[in-house]
Amino acid sequence: MNNTFDILIVGGGPIGLACGLEAEKAGLSYQIIEKGTITNSLFNYPLNMTFFSTADRLEIGGFPFPSIHPKPNRSEALEYYRRVADIGQLNILLFEEVTGISREGALYLTSTSKGNYQSRYVILATGFYDIPNLLAIPGEDLPKVRHYYYDPHYYYKQKVLVVGANNSSADVALETWRKGAEVTMVVRESELGRIKYWIKPDLENRIAEGSIKAYFNSKLTEIREQEVDIQTPEGKVTIPNDFVMAMTGYQPNFAFLEKVGVKLSDDFYRHPYHNPETMETNLPGLYLAGVVCGGMETHVWFIENSREHAVKIVQDILKK
Ligand SMILES: Cc1cc2nc3c(=O)[nH]c(=O)nc-3n(C[C@H](O)[C@H](O)[C@H](O)COP(=O)(O)OP(=O)(O)OC[C@H]3O[C@@H](n4cnc5c(N)ncnc54)[C@H](O)[C@@H]3O)c2cc1C
């Protein structure tokens, strides 16, 4: 196998695939390396999720995304990206993790769990969905604490505590409640957060009628096998509990970015340095693409608005 390429792309999410398609169009040799299955993050999304974007805005490489409903669901998106990879004959290696990237002369050397590769350019399209933001409270390591949510059926007749007040928390609270869970929400702020405008009134009404209990201006402070402690403005409340759904968001793999040598901003957001015109980082020839670019601001980039990174990067490479 030839292990030398023009571009090595780390991550086989929608944006990593888009970079491969763009490289292919430009006649550049490339290899995508993905540590899980193709579009691994999407595979781990909730079973019943529907994208907020319409199908056309999730398209990559100019391949049409036919969908009966305007907004596709998880299975349709998985089907679409799989078909794109097939039809576009993308060069993608799966279940192979990139563990290190270093520079030797004019080339980047990439080591993985299965081998070594050389390339003139590297694109990091590693996303942010693998590392959850932790609560850092006693009991967080209990098996009943979940940072990912899949199927509401599992929580039937269970006492579920949902931490957070954004889109994911709203979906978990409403779905599990509708499938028979007893749901309580703990919200740090005084009101609900960033929730899709067509979902928010549903949750507000369920809270107002008392079907879902919500503690605002409150913090979960301890998790035990059968109960949890919540610090509320009225003092500490202890309630019985079977599952804690900590929907507190995720973060890029900063340790990996730093190990590679990508500069991060000193503030809380840890924005990885990149030129927004070209997407090139402080390391010449090493680019960022997709949601990884936002650092801790994980709501800034999504598929819709980061597909264009692929075009910017390949244009910049062609200029060199
Ligand atoms: C519930 C939910 C709903 C969403 N709905 C929408 C929507 O409607 N519209 C929209 O535009 N966006 C939506 N998004 C956001 C969108 O899914 C992400 O923006 C998208 O996945 C970003 O693509 P990406 O390729 O940048 O990152 P990812 O899809 O996260 O891909 C990164 C890939 O890199 C791989 N990887 C990481 N590290 C390594 C390594 N060291 N070696 C090899 N591989 C590695 C990961 O396994 C992963 O497959 C939604 C997100 C969520 C959570």
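Our subject is the structure that appears above.
Computed from a predicted model, the values in this text were never measured in an experiment.

## Description of the sheet that holds strand β12 (residues 219-223)
Logical step 1: Pairing is antiparallel in the open sheet, where three strands are placed in the order β12-β13-β14. The open sheet has two free edges, formed respectively by β12 and β14 (235-240), since each of these has just one partner strand. The mean angle between the axes of side-by-side strands here comes to 25°, regardless of whether they run parallel or antiparallel.
Logical step 2: Across four bridges, β12 lies against strand β13 (residues 227-232) in antiparallel orientation. Looking across to β13, one finds that Glu222 is bridged to Asp229.

## Notes on the packing of helix α1 (residues 14-25) against helix α8 (residues 308-319)
Logical step 1: Where α1 meets α8, the closest approach of the two axes is 8 Å, and the angle between their N-to-C directions is 40°. The orientation of α1 with respect to α8, classified from their angle, is oblique. Of the two possible hands of crossing, α1 and α8 adopt the one that is right-handed. Contacts between α1 and α8 involve Ala18, Cys19, Glu22 and Ala23 from the first element and Ala310, Val311 and Val314 from the second.

## Section: the packing of aromatic side chains
Logical step 1: This structure, assessed with the given rule, holds 15 aromatic pairs.
Logical step 2: Between Phe5 and Tyr117, the ring centres sit 6.5 Å apart and the planes meet at 35°, which makes this aromatic pair tilted. Taken together, the residues span a long stretch of sequence, with Phe5 in strand β1 (residues 4-10) and Tyr117 in strand β6 (residues 116-124) at a distance of 112 residues.
Logical step 3: Classification of Phe5 as buried rests on a relative accessible area of 10%.
Logical step 4: Seen in terms of ring centroids, Tyr45 and Tyr129 are 5.0 Å apart; in terms of plane orientation they differ by 80°. Their pairing is edge-to-face. Here Tyr45, found in the loop between α2 (40-43) and α3 (74-87), pairs with Tyr129, found in the loop between β6 and β7 (131-132); they are 84 residues apart in sequence, far enough to count as distant.
Logical step 5: Clustering of aromatic rings is evident, with ring pairs tying together Tyr45, Phe51, Tyr129, Tyr148 and Tyr250.
Logical step 6: Its end group placed over the ring of Tyr108, Arg103 keeps NZ or CZ at 4.5 Å from the ring centre.
Logical step 7: Note that Arg270 overlies the ring of Phe254, its terminal NZ or CZ placed 4.8 Å from the centroid.

Calculation criteria
Residues numbered from 1 in each chain as written. Predicted model: local features only at pLDDT ≥ 70, side-chain atom pairs only at ≥ 80, totals over all residues. Heavy atoms only, no water. Pairing = 2+ DSSP bridges. Helix = DSSP H or I, 4+ residues; strand = E, 2+ residues; numbered from the N terminus. Axes fitted to C-alpha atoms, helices over the stretch in contact; angles between N-to-C directions. Parallel < 35°, antiparallel > 145°, perpendicular 65-115°, else oblique. Left-handed = near helix turned anticlockwise from the far one by under 90°. Contact = heavy atoms within 4.5 Å. Phe/Tyr/Trp six-rings, centres within 6.5 Å; stacked < 30°, edge-to-face > 60°. Buried < 20%, exposed > 50% of the residue type's maximum accessible area, 1.4 Å probe, protein only. Lys NZ or Arg CZ within 6 Å of the ring centre and 35° of its normal.

Coordinates in, geometry out; function isn't part of it.
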